[in-house]
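# Report on the structure
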Amino acid sequence: MAQVDGRITGGDGTSSAGAAALEVVGVTAGYGAHTVLRDVSLAVGDGEVVTLLGHNGAGKSTLLRAIAGALDVERGDIRFAGVSQLGRGAARIAQDGIALVPQGRGIFPTLSIGENLRLGAGVARNVTDRTRVTLDFVLELFPALADRLHEDAGTLSGGQQQMVAIGTALMASPKFLLLDEPSTGLAPVLVQTMLAQIRSVHRELGIGVLIVEQNIHEALRISDRAYVLRLGEIVREGPASTLLDAPDIWGLF
Ligand SMILES: Nc1ncnc2c1ncn2[C@@H]1O[C@H](COP(=O)(O)OP(=O)(O)OP(=O)(O)O)[C@@H](O)[C@H]1O
């Protein structure tokens, strides 16, 4: 297993253990004149798995893109370990350890599974032996990939391609994981398994995880807290267990 202490270190070298790893503060963003996110605020601690729920088009993927630096923010701030990420660019944000697994998997289908995974390792910067995520760790998490490392990733089932996508992100030894609908296209029986594997990644690596999910029940079951985004605004937040039992939650979709 990887030796990762899970602490996030700020740009000035100070540890911010205990503080929120990720803070989105009053963010407004969109595409040209089309404003999608309106004054969105949320926070995710190192020790948390947080789910972002919302109907189609609510702006969930847009928020993940903004956090990953792939979309400019009009107003507000996005901080990681207390340091603003605005204007830093997607490549530097990824190198600093914020890994986004986009919707639709984003793997290279004509490269082998092993090659895909090694591409992830190439992104890692400032990784020590203590914080490096190893190939052994990824294969232990997703044993289905172990015997097929030399096969083209495009030949895998949807669920296995999702494992490659997450595995590649993990190989970059991330300090924070953003997952956009990791269970898309999976058979219902596999959705729970995938989400349980994500929870175990969090447990093993001690990193914060923000998940966008359509499988509301399953996602809430593995999450500590959740936010509901509606028409680009956060309309509800709370402990996952509370939201699971909230009679009005389903009316928000
Ligand atoms: N590249 C883009 N250019 C212009 N508009 C976009 C772009 N991507 C998304 N949008 C628009 O932004 C809004 C929010 O889309 P987004 O994909 O963030 O929603 P979502 O909550 O992730 O939805 P879904 O669950 O369907 O993925 C939608 O109106 C969508 O049409």
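Calculation rules
In every chain, residue numbers begin from 1 and rise along the written sequence. Since the coordinates come from a predicted model, pLDDT governs what is reported: local features require at least 70, and pairs of side-chain atoms require 80 or more to be given and counted, while whole-chain, interface and lining totals use all residues. UniProt positions are given in the numbering used here, feature names are shortened, and annotations may be inferred rather than shown by experiment. Strands are treated as partners if at least two bridges between them are detected by DSSP. Labels follow the DSSP assignment, with helices taken as runs of H or I lasting at least four residues and strands as runs of E lasting at least two, numbered in each case from the N terminus. Between N-to-C directions, angles cover 0 to 180 degrees, with each direction set by a line fitted to C-alpha atoms, over the stretch in contact for helices. Placing C-beta atoms from the backbone, we regard two residues as in contact once those atoms come within 7 Å. Nonpolar cores are built from buried Ala, Val, Leu, Ile, Met, Phe, Trp, Tyr and Cys residues. These are joined into a set through C-beta atoms within 7 Å. Buried, partly exposed and exposed are defined by the number of other C-beta atoms within 10 Å of a residue's own C-beta, namely 20 or more, between the two limits, and 12 or fewer respectively, with C-beta atoms placed from the backbone.

As annotated in an unreviewed UniProt entry, the protein chain carries the name Branched-chain amino acid transport system ATP-binding protein and comes from Thermomonospora echinospora. According to the UniProt record, the Sequence similarities (unreviewed entry) comment for the protein chain is "Belongs to the ABC transporter superfamily."

With that settled, consider the sheet that holds strand S9 (residues 225–230). Read across the sheet, 6 strands follow the order S6-S7-S8-S3-S9-S10 without closing on themselves; strand pairing throughout is mixed. Edge positions in the open sheet fall to strand S6 (98–101) and strand S10 (233–239), since each of these has one partner strand only. The mean inter-strand angle of the sheet, taken between neighbouring strand axes irrespective of direction, is 15°. Of the pairings in the sheet, the one linking S9 to S10 comprises 6 bridges and is antiparallel in character. Among the inter-strand pairings, Leu229 is bridged to a residue of S10, identified as Ile234. Sitting on the sheet, helix H1 (residues 60–67) touches strand S3 (49–53), S6, strand S7 (176–180), strand S8 (208–212) and S9, and the angle it makes with S7 is about 150°.

Generally speaking, nonpolar side chains in soluble globular proteins are found buried as a group. Counting residues in each nonpolar core, the largest one holds 71 residues, and the members touching the most others are Ile67, Ile98, Ala99, Val164, Leu178 and Ile211. Ranked by residues supplied to this core, first place goes to helix H5 (residues 158–171) with 7 residues. Setting aside chain neighbours within four positions, we find Ala99 in contact with Ala94, Ala169, Ala172, Pro174, Leu177 and Leu178.

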